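# Observations on chain architecture
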Amino acid sequence: MMKTVLAATAALAASASLASAQQLAPSPTLDAIKARGHIECGVHLGLPGFSFADDKGEWTGLDVDYCKALAAAVLGDAKKVKFTPTSVQQRWPILQSGQVDLLSRNSTITFSRNASLGLNFQGINFYEGQTFIVRKATNAKSAADLDGASICVAAGSTEEKNASDWFLERNLKVTITNFQKNDDAIAAYDAGRCDAYTAGVGALAGQRVKLKVPGDHIILTQPISNDPQGPVTRWGDERWQLIVRWVLNGTIAAEMLGVTSANVDQMKASSKNSEVRRLLGVEGNFGAMMGLSNDWMYNAIKQVGNYGESFERTVGMGSPLKLERGQNQLWTKGGLLFTPPFQ
């Protein structure tokens, strides 16, 4: 009798929990997006491979792809997104003020930003590590070889603090010169005003292609920090945060499950894998749980592709940056990239 009572109680609790989950919390951000018909996405001012606009105003890059996938999931159309370029100093106020719905730019996840700026990071879409770009003629092989050097960096960036701490802790003397914009810092380095420029390895690869003579410069392989990056939202809209987080998870899960933009129709029609079927909206009503259509991730994958497809064409071997997957490989292949299950 006791076992029966406990089982019934557990069933009632589960039922109540499900009913509660089905009562969707209001989302002012999602309502505003649907009313205006597009997502407002804050991106970098111009970083090849991550967020960069060509002479026609067309944006491409890993961070841009994420915003397009989000638009496809939320509005059914990857083109329904507008991009707002943001500097290191502008990015937080622009997000906090509501001018953009999210940031998708190279911004490091840190405790102080999460705790003090009223912001939440919704996962990791790029595992970054800070290092330096130097002229080949310097013969520098590691960061320690920069003792006595001058270093250009963007003001207020994580890289500025990391570099200062790293050299101070090792009793190495450097002169750190900061600039309001990353582009100003790299331009100063290119003009010979600094011996080195520091940023994440992905950012450096993107900036190197813009130098006058890219082949004259090397990126040091020794990282001095671990700087995971991912999309950022404001506090106070849990349902929007849920959507932003799980669209990112969905692109990673799609690669893990072998779902691509090329085979997504076939997988949706014939896959027997329960997680694939839930991901693509065949079963589970996962989209409806967030107030979206159940083909939310089908649309994102069909129109933009999975994480691996995006990485390859924007920063990977299919791009001018030629970055190895490294830490950004799936955990099953020796990297750090993973996602919670779609269950």
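For clarity, every value in this text was computed on a predicted model and none was experimentally measured.

### Comments concerning the packing of aromatic side chains
Applying the stated criterion to the full structure yields 10 aromatic pairs. A centroid spacing of 6.5 Å and a plane angle of 20 degrees characterise the contact between phenylalanine 286 and phenylalanine 342, whose relative ring orientation is stacked. You can see phenylalanine 286 sitting in the loop between α11 (274-279) and α12 (296-303) and its partner phenylalanine 342 sitting in the segment after α13 (307-314), a full 56 residues away along the chain. Judged by centre distance (6.3 Å) and plane angle (35 degrees), the ring pair of tryptophan 296 and phenylalanine 342 falls under tilted. Taken together, the residues tryptophan 296 in helix α12 and phenylalanine 342 in the segment after α13 connect sequence positions 46 residues apart. On the basis of relative accessibility, which here comes to 2%, the residue phenylalanine 342 falls in the buried class. Grouped by ring-pair contacts, the aromatic residues Phe50, Phe126, Tyr307 and Phe311 constitute a single cluster. The ring centre of tyrosine 189 lies 4.3 Å from the NZ or CZ of arginine 135, which sits over that ring. The ring of tyrosine 298 has lysine 268 sitting right over it, with the charged end atom 4.3 Å from the ring centre.

### Let's talk about the environment of alanine 253
Structurally, alanine 253 is set in helix α9 (residues 238-257). Sequence separation of alanine 253 and tyrosine 307 is 54 residues, and the distance between their C-alpha atoms is 8.3 Å. Setting aside residues no more than four positions away along its own chain, alanine 253 makes contact with Thr339 and Phe342.

### Some remarks on empty space enclosed by the protein
This model, assessed by the stated rule, comprises two cavities of 30 Å³ or more. Of the volumes computed, that of the largest cavity is approximately 130 Å³. For the largest cavity, the lining is made up of 19 residues, of which Val88, Asn106, Ser157, Glu159 and Asn182 are closest to its centre. Contributing elements (two or more residues each) for the lining of the largest cavity: α6 (158-169), β11 (196-200) and α8 (201-208). A total of three residues in the lining of the largest cavity trace back to one element, the largest contributor, which is β11. Residue composition of the lining of the largest cavity, grouped by class: five nonpolar, 10 polar and four charged. The computed volume of the second largest cavity comes to approximately 90 Å³. Lining the second largest cavity are Leu62, Asp65, Tyr66, Ala69, Asn125, Leu248, Thr251, Val304, Gly305, Asn306, Tyr307 and Ser310. Contributions of two or more residues to the lining of the second largest cavity are made by α3 (62-75), α9 and α13. For the lining of the second largest cavity, the class distribution of residues is six nonpolar, five polar and one charged.

### A word on the nonpolar core
Counting residues in hydrophobic clusters, the biggest one holds 71 residues, and the most contacted among them are Leu70, Trp240 and Trp296. Per-element accounting of this core gives the leading share, 10 residues, to α3. Those residues in contact with leucine 70 that sit more than four places away from it in its chain are Ile39, Leu102, Trp240, Ile243, Val244 and Val247. One finds Ala143, Leu146, Ile151 and Trp166 within the second-largest nonpolar core, a separate group that totals 13 residues.

About the thresholds
Residues numbered from 1 in each chain as written. Predicted model: local features only at pLDDT ≥ 70, side-chain atom pairs only at ≥ 80, totals over all residues. Heavy atoms only, no water. Phe/Tyr/Trp six-rings, centres within 6.5 Å; stacked < 30°, edge-to-face > 60°. Helix = DSSP H or I, 4+ residues; strand = E, 2+ residues; numbered from the N terminus. Buried < 20%, exposed > 50% of the residue type's maximum accessible area, 1.4 Å probe, protein only. Lys NZ or Arg CZ within 6 Å of the ring centre and 35° of its normal. Contact = heavy atoms within 4.5 Å. 1 Å grid on protein atoms, 1.4 Å probe; cavity = no way out; pocket = protein on both sides within 12 Å on 5 of 7 lines; lining within 4 Å. Points joined across faces, edges and corners; volume = space filled by probe spheres on them. Nonpolar A, V, L, I, M, F, W, Y, C, P; charged D, E, K, R; others polar. Core = buried A, V, L, I, M, F, W, Y, C linked by side-chain atoms within 4.5 Å.

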